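# Descriptive structure summary
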Amino acid sequence: MVTDSDLEDLLYCFGSAASLVDLVAAADSRVNDLTEKGLSRTSSFLMHAVFNSHQSETKLVRYMKLLENKDVSLVHSMIPLGSCTMKLNSSVEMEPVTWSAFASLHPFCPLTQARGYHEMIKELSDDLCEITGYDGISFQPNSGAQGEYAGLCVIKAYLADVGQGHRNVCLIPDSAHGTNPASAHMAGMTIRVVKTDPNTGCVDVDDFKRLVDGCSDTLAATMITYPSTSGVFEESVRNICDTVHEAGGQVYIDGANMNAQVGLCRPGDYGGDVSHLNLHKTFCIPHGGGGPGMGPIGVRKHLIPYLPSHPIIKMPLLNGVHDTKSSGPISASHFGSASILPISWAYIKLMGAVGLRRATQIAILNANYMAARLRQHYDILYTGSNGFVAHEFIIDTRPFQNMVQAKITATDIAKRLQDYGFHAPTISFPVTGTVMIEPTESESKDEMDRFCDALINIRKEIDEIESGVADAKNNVLKNAPHPQSVVVSSDWPYPYSREKAAFPLPWIVPTGKIWPTVGRVDDTFGDLNFFCVCPPVESYQDAA
């Protein structure tokens, strides 16, 4: 869509003395320089058949469908990733993203050409302020992690402006998302780690107050997650916020678990000064596969002047206050990944206040229902003082690893769930050797029962190994998952039946079976070697 004359026009606009021909010649010269220095590539590349076999549209779409069939998604079954909030992204919310009026608008088009967009963003900002209890919103951050960084930069800019720039200590619980300390470090803060109570999964308040007392003159902020990453509501959250404010610091509430709060409580009410909102979680923008995501930050009134600004688009922030004391830009465009904001706008408008509250209540109810069913077979690691969890919960699989015979790990359970047709939950976060489950409000009781039945049956398989009924090393858990190519082969290599491997429960039928593509892989090797290095192949037959 770009012609040589377009490029010549751009060069003219920037006052370039060189022409396009001059620039191309210079580029060729640089390429020649690399060649002369022996840096030109001599080895073959793109030799795999996948790069040269799809030379018609029909072959290409069939290949793409083949890849699609390998994915487990919400059209197949629950994706119970704890802390990730893999909820339904409905088609009616997604459709506007395909409209050219949203999708084709340039981020730096004249403001007069984007009035509809600005109206939508203003409405979304007002709604999010009402939901969170904050007074201002910035949509610049493109992810939750970027929102954390932006929020901490806002805090630093505020402290510097009020003569407290020497404050640089950030208190973070050891159960926090890993991005919390990373963001604080990037923002130039010194991190102090707060202990987590091993019995409740909440912040150890005594340790927290000890750390505050030790750095009250240099305390800049604390970052806490509510509900906590342990899957329980932090019962001392107001106490924590008050303690930090009394010491002169600011409170950053990690909004990752907002799906348990919408319509029930608001971070701005119980002491938060800044929060990021994962629109790609709580507010229905899809996530995974690299994005795009959105992590706008909400702030209290005193922090509004310090929200991210932009060097090109000079305009008031959504709340009408100019960015005269801004912490600076966070993203390339003023509203981040604005093209996907219609999804969250539509979600909020479709649900309404009653629907949003109901969704939160159902998310909490679903998690507690599943925890109650599984409690008879697994240890639930943390619960609140009333015995309930929040919108997610952790089952402790560490005891199985310490059994005399079984030695079953969280990874073994995760792999085995593939044979039951489920994506694995989150494992080893926030506690190593555990499984974290979040059903969200999108799942029906039938689907949650299927998932619970799968885990209960896996518990029976663990008992079979421990009792000696099944081999301690050569069993369905240690060999899971079982691909179709292995199950249907004439040479069955295992001491248990094919049916036990691939169809462990009656509702898993061949016609609806979601088959894993490959069997067990070496996770440690995969973590240390990011790329699969395969020898060149000439055809699919060779690849097979």
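Look up a bit, the structure's there.
In this report, the structure presented in the accompanying data block is examined.

Looking now at the overall build of the protein. Counting its secondary structure elements, the protein contains 20 helices and 11 strands. Relative to the compact-globule value of 24 Å for 544 residues, the protein shows a C-alpha radius of gyration of 27 Å, a close match. Dimensions of the protein along its principal axes, counting C-alpha atoms only, are 75 × 65 × 50 Å. Each of the 544 residues in the protein was classed as buried or not, and the buried ones make up 47%. For the protein, long-range pairs separated by at least 24 residues make up 68% of all intrachain contacts whose partners lie at least 6 apart in sequence. For the protein, the exposed area adds up to about 26700 Å²; of that, 56% sits on carbon and sulfur atoms. Side-chain charges in the protein split into 42 positive and 60 negative, and the spacing between the mean points of these groups amounts to 4 Å.

So, on to the nonpolar core. Judged by nonpolar contacts, the single largest core of 39 residues is most densely connected at Phe393, Ile437, Leu455, Ile458 and Ile462. Put simply, the parts of the chain that give this core at least two residues each are helix H12 (341–374), strand E9 (393–396), helix H14 (410–419), strand E11 (434–437), helix H15 (445–467), helix H16 (476–479) and helix H18 (498–502). Broken down by element, the residue count for this core peaks at 9 residues, all from H15. Beyond its immediate sequence surroundings of up to four residues, Leu455 is in contact with Leu374, Tyr378, Ile395, Ile413, Leu417 and Ile437. Core analysis: the second largest hydrophobic core is formed by 29 residues, Met294, Ile340, Ile343 and Ile348 among them.

Okay, the sheet that holds strand E10 (residues 426–427) next. Strand order across the open sheet formed by 4 strands is E8-E9-E11-E10, with antiparallel pairing between neighbours. Because the sheet does not close on itself, it has two edges, and the strands there are strand E8 (379–380) and E10. Pairing of E10 with E11, which is carried by 2 bridges, proceeds in the antiparallel orientation. Within E11, the residue paired with Ile427 across the bridge is Val435. Strand contacts of H12: E8, E9 and E11, with the helix running at about 15° to E9, the strand carrying the most contacts.

Bringing the sheet that holds strand E2 (residues 169–173) into the picture now. Strand order in the open sheet formed by 7 strands is E1-E7-E6-E5-E4-E2-E3, and the pairing between neighbours is mixed. For this open sheet the edge positions go to strand E1 (136–138) and strand E3 (190–194), each flanked by a neighbour on one side alone. Ignoring which end each strand starts from, the neighbouring axes of this sheet average 20° apart. The strands that helix H9 (residues 205–214) touches are E2, E3 and strand E4 (219–225); relative to E3, the one it contacts most, it runs at about 150°. Strands E4 and strand E5 (250–254) of the sheet are contacted by helix H10 (residues 237–246), whose axis makes an angle of about 145° with E5.

Both the distance between ring centres and the angle between the ring planes are used here to describe each pair of aromatic rings. A complete count under the given rule lists 13 aromatic pairs for this structure. Ring centres of Trp492 and Tyr494 lie 5.1 Å apart, and the angle between their planes is 85°; on these two criteria the pair is classed as edge-to-face. Given a relative accessible area of 17%, Trp492 falls into the buried group. Overall, Tyr494 belongs to the partly exposed group, its relative accessible area being 23%.

Taken as a whole and judged by the stated rule, the model has 0 disulfides. A disulfide-free cysteine, Cys170 has its sulfur positioned 9.8 Å from the sulfur of Cys215, the nearest such atom. The class for Cys170 is buried, based on a relative accessible area of 0%.

Let's shift gears to unusual backbone geometry. In this chain, Tyr226 is followed by Pro227 through a cis amide linkage whose omega measures -15°. Relative to the helices and strands, Pro227 resides in the loop between E4 and H10. The backbone phi angle of Ser83 is positive, close to 75°, even though this residue is not glycine. Relative to the helices and strands, Ser83 resides in the loop between helix H3 (57–69) and helix H4 (91–94). Judged by relative accessible area, Ser83 falls into the buried class, the value being 8%. Backbone geometry at Lys407 places phi at a positive 55°, although glycine is not the residue there.

Criteria and thresholds
- Residues numbered from 1 in each chain as written.
- Predicted model: local features only at pLDDT ≥ 70, side-chain atom pairs only at ≥ 80, totals over all residues.
- Heavy atoms only, no water.
- Helix = DSSP H or I, 4+ residues; strand = E, 2+ residues; numbered from the N terminus.
- Rg over C-alpha atoms; globule rule 2.2 N^0.38 Å.
- Buried < 20%, exposed > 50% of the residue type's maximum accessible area, 1.4 Å probe, protein only.
- Contact = heavy atoms within 4.5 Å.
- Areas by Shrake-Rupley, 256 points an atom, 1.4 Å probe, with all protein chains shown as cover.
- Lys, Arg positive; Asp, Glu negative; His and termini not counted.
- Charge placed at Lys NZ, Arg CZ, Asp CG, Glu CD.
- Core = buried A, V, L, I, M, F, W, Y, C linked by side-chain atoms within 4.5 Å.
- Pairing = 2+ DSSP bridges.
- Axes fitted to C-alpha atoms, helices over the stretch in contact; angles between N-to-C directions.
- Phe/Tyr/Trp six-rings, centres within 6.5 Å; stacked < 30°, edge-to-face > 60°.
- Disulfide = S-S within 2.5 Å.

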